Amino acid sequence: MWNRKHTEFIWFDDVESKPLEIEGLPSGLRLKIFSVDEEQGALSGILSVPKGWQFKDYFTVNAPEQIFLLSGDLHIGGFTYREQGYAYRPAGAPHGQMWSETGCEMIVMWDAPFTVNLGEHGSTEGMI
């Protein structure tokens, strides 16, 4: 199982938001990391997607992931997630095109190191 440091209650606003820059994806994504397993790479945090952000190519995340939308909208493939929307996506599940009209914030939980396969754009290893 995970080997994370003990974390008591924290406030979202008290955690620093850092750019999540991934070669091949448009800029603007920001991540607040709440908990991370330094050995296995599992991570929990809040991912912010700005209004109008879009990626029109298909990609996969190479770790099992859970997302819970706190606000806004997120379109992945042919599905639209809205506030309180939840998804579990196994490692390698295709994301399809992804965008947000209004911008959004979501809780993300990756169960392994966060890596992305961008198809013709190549893949990124060990982003976080």
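Now for a quick tour of the structure. Predicted, not measured: the structure shown is a model, and the values here were computed from it. (Residues numbered from 1 in each chain as written. Predicted model: local features only at pLDDT ≥ 70, side-chain atom pairs only at ≥ 80, totals over all residues. Heavy atoms only, no water.)

The next subject is the environment of M98. In this structure, M98 sits in strand 9 (residues 98–99). For M98 and G78, which are 20 residues apart along the polypeptide, the C-alpha to C-alpha distance reads 9.2 Å. Setting aside chain neighbours within four positions, we find M98 in contact with W53, Q54, F55, F59, L74, H75 and I76. (Helix = DSSP H or I, 4+ residues; strand = E, 2+ residues; numbered from the N terminus. Contact = heavy atoms within 4.5 Å.)

With that out of the way, let us pick up unusual backbone geometry. The backbone of Q84 shows a phi angle near 70°, a positive value even though the residue is not glycine. Positionally, Q84 belongs in the loop between strand 7 (79–82) and strand 8 (86–89). Residue classification places Q84 among the exposed residues on the basis of a relative accessible area of 59%. (Buried < 20%, exposed > 50% of the residue type's maximum accessible area, 1.4 Å probe, protein only.)

For the structure on display, the rule yields two aromatic pairs. Between F55 and F59, the aromatic rings sit 5.7 Å apart at their centres with planes inclined by 75°, giving edge-to-face as the arrangement. Note on accessibility: F55 and F59 belong to one class, buried. Geometrically, the ring pair formed by F79 and Y81 is edge-to-face, given 4.7 Å between the ring centres and 65° between the ring planes. Judged by its relative accessible area of 48%, F79 falls in the partly exposed class. Here Y81 falls in the buried class, since its relative accessible area comes to 9%. Across from the ring centre of W99, 4.5 Å away, lies the NZ or CZ of K56, which sits over that ring. (Phe/Tyr/Trp six-rings, centres within 6.5 Å; stacked < 30°, edge-to-face > 60°. Lys NZ or Arg CZ within 6 Å of the ring centre and 35° of its normal.)

Let's shift gears to the pairing of strand 8. Here strand 8 shows a buried face lined by A87 and R89 and an unburied face lined by Y86 and Y88. Relative to strand 8, strand 6 (residues 65–76) runs antiparallel, the two sharing four bridges. Bridge assignment links F68 to a residue of strand 8, and that residue is Y86. (Pairing = 2+ DSSP bridges.)

The pairing of strand 6 with strand 10 (residues 104–110) spans seven bridges and is classified as antiparallel. Within strand 10, the position partnered with L69 by the bridge is M106. Count of turn residues in the strand 6/strand 7 antiparallel hairpin: two residues, of which G77 carries a positive phi of about 60°. Relative to strand 9, strand 6 is paired through two bridges, and the arrangement is antiparallel. Pairing of H75 across the sheet is with W99, part of strand 9.

On a C-alpha basis, the gap between Q84 and S71 in space is 7.5 Å, while along the polypeptide they are 13 residues apart. Those residues within four positions of Q84 in sequence are excluded, and the remaining contacts are F68 and L69.

A few words now on empty space enclosed by the protein. According to the stated counting rule, one finds one cavity of 30 Å³ or more in the structure shown. Taken as a whole, the largest cavity spans an internal volume of roughly 190 Å³. Along its surface, the largest cavity is lined by 19 residues, and L47, F59, E65, H95 and M98 are the ones closest to its centre. Looking at the lining of the largest cavity, the elements that each hand over two or more residues are strand 6 and strand 10. The dominant element in the lining of the largest cavity, judged by the number of residues it contributes, is strand 6, at four residues. For the lining of the largest cavity, the class distribution of residues is 17 nonpolar, one polar and one charged. (1 Å grid on protein atoms, 1.4 Å probe; cavity = no way out; pocket = protein on both sides within 12 Å on 5 of 7 lines; lining within 4 Å. Points joined across faces, edges and corners; volume = space filled by probe spheres on them. Nonpolar A, V, L, I, M, F, W, Y, C, P; charged D, E, K, R; others polar.)

As far as function goes, none of this settles anything; it's purely spatial.
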